[in-house]
Structure formats: structure tokens, C-alpha cells
Amino acid sequence: MSFYTDFIFFLWLLILLIPAFVLGIREKSLRIYTAVSSLFIIWLVLRGDLRQLAFLALFYVLQLHIVKIYLRLRRIYGRNAVIYGHFILLSLLPLILCKLSGILPFHLFNFLGISYLTFKGLQIIIETYDGVIQEIDVLSFTSFLLFFPAISSGPIDRSRRFGEDYNRTLSRTEYLEMAGRGLEKILLGMVYKFVLAALLHEGVDYFVSGSGWYEVAAYAYFYGFYMFFDFAGYSLMAIGTSYFFGIKTPENFNKPFISRDMKEFWDRWHITLSHWFRDFIFSRFMMKSIRKKWFSTRLQGAAAGFIVNMLIMGMWHGISLSYLCYGLYHGCLLAATEVYQKKSKFYKKYKKSVWYQGVSWIITLQLVMFGFLIFSGRFLELVQGLQ
Amino acid sequence: MQEKLIDILERICEDEVVREDLDLDLFEAGLLDSLGFTELLVDIEDTFGIVISPSEVEREEMATANKILALLAERG
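Residues numbered from 1 in each chain as written. Chains lettered and ligands numbered in written order. Predicted model: local features only at pLDDT ≥ 70, side-chain atom pairs only at ≥ 80, totals over all residues. Heavy atoms only, no water.

*Asks:* Can you break down the interface of chain B and chain A residue by residue, with the values?
*Replies:* Taken together, the contact between chain B and chain A spans 16 residues of the former and 20 residues of the latter. Summed over both sides, the interface between chain B and chain A buries roughly 1,700 Å², with carbon and sulfur atoms accounting for 55% of that surface. When the buried area of chain B at its contact with chain A is split by residue, Leu35(B), Pro54(B) and Ser55(B) rank highest and sum to 33% of it. One can count five salt bridges joining chain B with chain A. Seen at the junction of chain B and chain A, the total is eleven residue pairs in polar contact (both at pLDDT 80 or more). (Contact = heavy atoms within 4.5 Å. Buried area = accessible area lost by both parts, 1.4 Å probe. Salt bridge = Lys/Arg side-chain N within 4 Å of Asp/Glu carboxyl O. Polar contact = N/O pair within 3.5 Å; in protein donor to acceptor, adjacent residues only side chain to side chain.)

Rendered as C-alpha cells:
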């Protein structure tokens, strides 16, 4: 059994949503029920793989202690960069060990969702350092970290936003409205994933072995659209499910293929991930680089910031050459876009005209699809095939 | 404070329009992006000594000159 794929999962989901719905319309708090149903469904999914279950449990206990201890140290020692750095590293350590599994002879922390759960833990540490978070209770932390609707692949929520929804009880009308929208999202997500993505995957399979340029192009397009409907479908189901628990999990996709430049694309594709990177990596890198004057112009700093940001994002997907290339590719594209938009008189003159936006959209779509070709691993296969 | 903030915004957005319309949505108008937003946070801290971290507020809470002024007044 796995999340949002097989019949038995959806059956259990239906069973779990009924009490949530009853509690919701009776204006009862869903706090305890949310935590209990998360623990229950995690156990259901992972019970056949005790190793994964044990690593997840260990990860949870570690993160809880890291957060709790850091909150206390932050109160005593204030904004101490050395303590902060150590806790960032501690919070990241399970993910680093997991990602190195391919290189190391042993496998640690290989459990479903670790990449996504790490973001949640890290965010709390960073915002505690910033002074934005002063306290988090164990129940809220547990429900946030292990919130089952979004545990396997996001969307990546933020603890303060989650906490506001979690600790609020909706009125009957509000809950009904939310559950209705939730149901709509779950059904739309099913159509995306089980109808459209499944169909597009036939195209992916059909073109996977071709090496003519048109076959490669068709592969990239099918793969790109397949990725969208598969992941956006999953995200919709995760968001819809969370609505039944009164949690308004943020949207993950917003018509990415209509983007007219690469910056817009990352505002529409895997939004919770790219905004996490923007808020916790890019912005902080930029603020440091401006303060410490690492670069002679802010534009150079921005270009470096984009490349660093996207390289880390690539590595987060996995330590493989294709993912690194994917990160570097998008980093360079974003840097080039930034320089072009800031410097080009041509851009400033025509950016509002219809023909410019049309051309810009076509070019952006090709760049995006080429990115998917790299991401899929097919690009490097083709390159190796040439030698 | 208002005058200083407008100076900062004018420099970052490279457009005088920020001076004329204090309710203009700077993100929607394409005058402010992630990079400009970061510069804004640095400049606010350096000028007014008010620290706002990048993940602390939603962008829409800082989308217009008037909204930023209200936030600064609340913090300052």
C-alpha cells in the first residue's frame, strides 16, 4: 500500500475522512484526530517495512529534540551564529546521510518523504533563529511534521501557517465550504493522475528509445506534461485531503506552462519548494552577499545566488549527474534572465507588447521542456550515446 | 520615515512612479521581485534598524509603500 496510488489507500482514506467530516461539521477541534490519523496511516503504509518505519520514528524523535533544545538555547543565548550553524547541520544530517546512501556502503534514513520532512524541521530552526518562532508545542509539532496528507511529497507547508489552521476550529459553514473544495480537489487530482498522467506516460514509453531529434523532442514534451499531471494530481489530492482536516495546505502548481520567462516558471512550478528555496536559501544568500560585499554589483550577486540556489535544489532531488545538470541548467537560465531583464533596452522597450510576450512564451516553453529532458536522465544517456 | 522609504523604493525599483502612487502593488507592477525584495529588507534594516526576515511576512503584506510604512510603524 502506498500514498495516493492504490485502491486500499483510498479506501482507508475514505474511512478516515468520515470522522474528520463529522467532527468538522459539529464544530469540534480536529487537533487530536489529525495527529492520531496521521500516525495510524503512516503505520498502515509502512508496516510491511519496519526498517523504514524505525528510521521515520528515529527521525521524528531527533527533529523534535533538535527543535526543542534549540528553542531553549535561543532563549538563553540569543542570535548566536555558532549554535545556529550546528543545529542547522544536525537538522540536515539525516537527509545528508540518506542522500549519500548511493555512495556509502550502508543505507541510513531511507524512508519515504525524508526530503520533504527535512524542510519542515529546518524551517522551524531558521525561524527560531530569526526570532519569528518562540515556542512550539509537541502536539502541533507532531501533527505538522507527520501530517499524513502531505507526508510523502509535499506540498511543503510552514509551521506557523499550519499552526494557525491547526489551532483554529472552523464554523460549520466554513468547514462545509472547505470540505466541498477539498473533495473537488481530490477528484480533480484523480483525473490528473490516473487519467491524464497515465495516458501521457504511454507517450513517454513510446518515445523513450528514439534518438531522432523529433523523437527526443516528443519524449521531452510527453515527459514534461506527464510530470505535471502526475505531480500536480498528487498535490491536488494531498491539498484536498488536508482541507478535510481544516488545514489549508498551500497550492503547488499554477498553470506552469503559460509562463513567459523562467522566473515566472518557478513561481508556477512546484511552488512550495521554490518558495522555500527563495525564502530560506536565495534571500539569505543575497542578504549576506549584499552585507559582506562579496560581489562588485548586485546583479553579479543575484546571478551567483540563482546558480547556488538551483544547484542545491538539483542536489536535493538526488546526488546524480542528471540532477546536478538540471540544477545548474535552471540556475544559469535564471541568472541569464535576471541579467537580460535588468540590462536589455530591447526587453524594457518591448516587454509589454503582445508579440514579445508570445515569442517569450514559446521560447520559455522550449527551455522548460529541455529542462525536463535533463531531469529525466534521457539527455545524459543521449550524450553518452554519441561518444 | 516615509521620505526615506520612498527613496529606498525608488532606488530599488528604478522608477519614479513609486513616489506618486503609494498604493501601487509593486509586485504586480513588475517593479519588485525576489531580488528587489531582499534588497529592500537589507535597506530597511540598515536605515531604520528594523529586522524583517525573508520568510516572516507574506509578500502581499509588503506589496505597497503604504503597507510597508504601516508594518514599519507597527515594529518601530
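*Asks:* How would you sum up the packing of helix H5 (residues 114–130) of chain A against helix H11 (residues 271–291) of chain A? Please name residues and give values.
*Replies:* Residues and elements named next belong to chain A. Across the interface, H5 lies against H11 with an axial gap of 12 Å and an inter-helix angle of 40°. By the angle between their axes, H5 is oblique relative to H11. Seen from above, H5 lies across H11 with left-handed handedness. Residues Phe119, Leu122, Gln123, Ile126, Glu127 and Asp130 of H5 form the contact with H11, whose participating residues are Leu273, Trp276, Phe277, Phe280 and Arg284. (Axes fitted to C-alpha atoms, helices over the stretch in contact; angles between N-to-C directions. Helix = DSSP H or I, 4+ residues; strand = E, 2+ residues; numbered from the N terminus. Parallel < 35°, antiparallel > 145°, perpendicular 65-115°, else oblique. Left-handed = near helix turned anticlockwise from the far one by under 90°.)

*Asks:* Describe in detail the environment of Asn80(A), supporting the description with residues and values.
*Replies:* All names here are of chain A. Here asparagine 80 lies in the loop between helix H3 (50–77) and helix H4 (81–99). Asparagine 80 sits in the partly exposed class, given a relative accessible area of 26%. With 256 residues separating them along the chain, asparagine 80 and alanine 336 place their C-alpha atoms 36 Å apart. A polar contact of 2.8 Å, which involves the side chain of asparagine 80, links it to the backbone nitrogen of valine 82. (Buried < 20%, exposed > 50% of the residue type's maximum accessible area, 1.4 Å probe, protein only.)

*Asks:* So what's going on with the domain arrangement of chain A? Which residues, and what values?
*Replies:* All names here are of chain A. Along its sequence, chain A is carved into domain 1 (31–166), domain 2 (172–244) and domain 3 (256–386). Computed over C-alpha atoms only, the centres of domain 2 and domain 3 are separated by 23 Å. Across the boundary between the two partners, domain 2 contributes 14 residues, which contact 13 residues of domain 3. Here domain 2 meets domain 3 over a buried area of about 1,200 Å², counting both sides, of which 80% is carbon and sulfur. In terms of surface lost to domain 3, no three residues of domain 2 exceed Tyr221, Tyr223 and Phe228, which account for 35% of the buried area on that side. Counting across the interface, domain 2 meets domain 3 through zero salt bridges. Linking domain 2 with domain 3 are three residue pairs in polar contact (both at pLDDT 80 or more), by the criterion used here. (Domains from an automatic or database assignment.)

*Asks:* Give a description of the side chain of Ser344(A) that names residues and reports values.
*Replies:* Residue and element names in this part refer to chain A. Here serine 344 lies in the loop between helix H13 (321–343) and helix H14 (345–350). The buried category is assigned to serine 344, whose relative accessible area is 14%. Here the side chain of serine 344 touches tyrosine 347 through a polar contact of 2.9 Å, landing on its backbone nitrogen.

*Asks:* Give a description of the layout of surface pockets that names residues and reports values.
*Replies:* Residues and elements named next belong to chain A. In this structure, the second largest pocket encloses a volume near 1,200 Å³. What lines the second largest pocket is a set of 37 residues, and nearest its centre among them are Tyr84, Ile126, Phe280, Ile281 and Arg284. Of all the elements in the fold, those that place two or more residues in the lining of the second largest pocket are H4, H5, H11 and helix H12 (298–317). Among the elements that make up the lining of the second largest pocket, the one with the highest residue count is H11 (nine residues). Taken together, the residues that form the lining of the second largest pocket break down as 26 nonpolar, three polar and eight charged. Taken together, domain 1 (31–166) and domain 3 (256–386) each give at least three residues to the lining of the second largest pocket, which thus spans both. (1 Å grid on protein atoms, 1.4 Å probe; cavity = no way out; pocket = protein on both sides within 12 Å on 5 of 7 lines; lining within 4 Å. Points joined across faces, edges and corners; volume = space filled by probe spheres on them. Nonpolar A, V, L, I, M, F, W, Y, C, P; charged D, E, K, R; others polar.)

*Asks:* Would you mind going over a negative patch on the surface in detail, with residue names and values included?
*Replies:* Among the surface-exposed residues, Glu14(B), Asp15(B), Glu16(B), Glu20(B), Asp21(B) and Asp23(B) lie close enough to one another that they form a single negatively charged patch. By the secondary structure assignment, Asp23(B) is in the loop between helix H2 (17–20) and helix H3 (34–48). (Patch = residues over 30% accessible without salt bridge, like charges linked within 9 Å, V, L, I, M, F, W, Y side chains within 5 Å. Areas by Shrake-Rupley, 256 points an atom, 1.4 Å probe, with all protein chains shown as cover. Lys, Arg positive; Asp, Glu negative; His and termini not counted. Charge placed at Lys NZ, Arg CZ, Asp CG, Glu CD.)

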